[in-house]
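Residues per chain are reported as follows:
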Amino acid sequence: MKARVTWFDSLLAVIIILISLTVILPFLYIIAVSFSPPGDSMAGNFFIWPKHWTLDAYSYLFNAQTFLNSIKNSVFITLLGTCVNLFVSITLSYALSKRIVPGRRVMMLFIFFTMIFHGGMIPSYLVVKSLGLLDSYWAIVLPAATSAFNVLVIRSFFQSLPESLDEAARIDGAGEFRILFSIVIPLSKPIIATFTLFFMVQYWNEFFSAVIYINDTNRWPIQPLLRQMVAISASNISADAAIDAQLAVNLGPNVQNAAILLAMLPIVAVYPFLQKYFAKGAMLGSIKE
């Protein structure tokens, strides 16, 4: 028996399509502008299909050393930060998921406390400065090595695993690290894949910490550079201390949009490989059976 389509279903479908268009159309516009000559993009006489196709903007960016350095910095920060975040979050959550760990309730209380109260920007800057981390990638990675939310969700997932697996492994002589890396982690692929994507997006889009902690523009990731490109183009000023002359001259909308598109591609390319774990992992970590 076929389900009858009601007027509400039709209205809901129209609303979903309209919301989807608000996301898709700007993305298509960015692509169109990036493949257009500067004159066409400035005139704005097209929408999602360029009148004239050109790769000048991409050729310009791939010959700009500042842009290439920022991409390399973002890749390195993302890989380093994701690995550190996964290691700290998984090992801490695993330890706190075990009832035999003494003082785990007190530790969970301290971790939960950080979800409500935070020292603020100035104390965080003073801590990073006192540790000698300014102008280094560790200034971005270490302060965000984990969070209370990550620990609570991953810990909840680990607690949902049968305790009999740990007991059987201990009887066979396995230690805690062997149990974690040989049993727990292989069974936790959904939640690990979910948080891997979270961490990658977090570090790839890192802007605020890079601006505060990194004064050397050669170490900037891509996001602060994109902001500087937009600011320079909008104010019609020449290169300053934050960007080199090669990237500031003739910085038109086509170059800006090409840079934005290139900055989005890595995350867009990785997401399909983690998508099958995403919904399942997000739910499993939030529900304890």
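These numbers come from a predicted model, not from an experiment.

Draft legend 1. Geometry of the environment of I267. Summarising the element assignment, I267 is placed in helix α15 (residues 253-284). Separated by 66 residues in the primary sequence, I267 and V201 place their C-alpha atoms 6.8 Å from one another. Setting aside anything within four residues of it in sequence, one finds I267 in contact with M200, V201 and W204.

Draft legend 2. Just the packing of aromatic side chains, in detail. The full count for this structure, using the stated rule, is 11 aromatic pairs. Both rings, one in F35 and one in Y58, keep their centres 4.9 Å apart while their planes meet at 40 degrees; by these two values the pair is tilted. Taken together, the residues span a long stretch of sequence, with F35 in the loop between α1 (7-34) and α2 (38-43) and Y58 in helix α3 (residues 56-62) at a distance of 23 residues. A relative accessible area of 9% places Y58 in the buried class. Members of the aromatic cluster, connected to one another through ring pairs, are F149, F195, F198 and F199.

Draft legend 3. Structural view of the nonpolar core. Membership of the largest hydrophobic core comes to 19 residues, with the highest contact counts inside it found for L61, F67, I222, L226, M229 and A259. When contributions to this core are tallied by element, the ones reaching two or more residues are α3, α11 (189-204), α13 (222-235) and α15. I90, F158, L180 and I185 belong to the second-largest nonpolar core, a separate cluster that totals 17 residues.

Calculation criteria
Residues numbered from 1 in each chain as written. Predicted model: local features only at pLDDT ≥ 70, side-chain atom pairs only at ≥ 80, totals over all residues. Heavy atoms only, no water. Helix = DSSP H or I, 4+ residues; strand = E, 2+ residues; numbered from the N terminus. Contact = heavy atoms within 4.5 Å. Phe/Tyr/Trp six-rings, centres within 6.5 Å; stacked < 30°, edge-to-face > 60°. Buried < 20%, exposed > 50% of the residue type's maximum accessible area, 1.4 Å probe, protein only. Core = buried A, V, L, I, M, F, W, Y, C linked by side-chain atoms within 4.5 Å.

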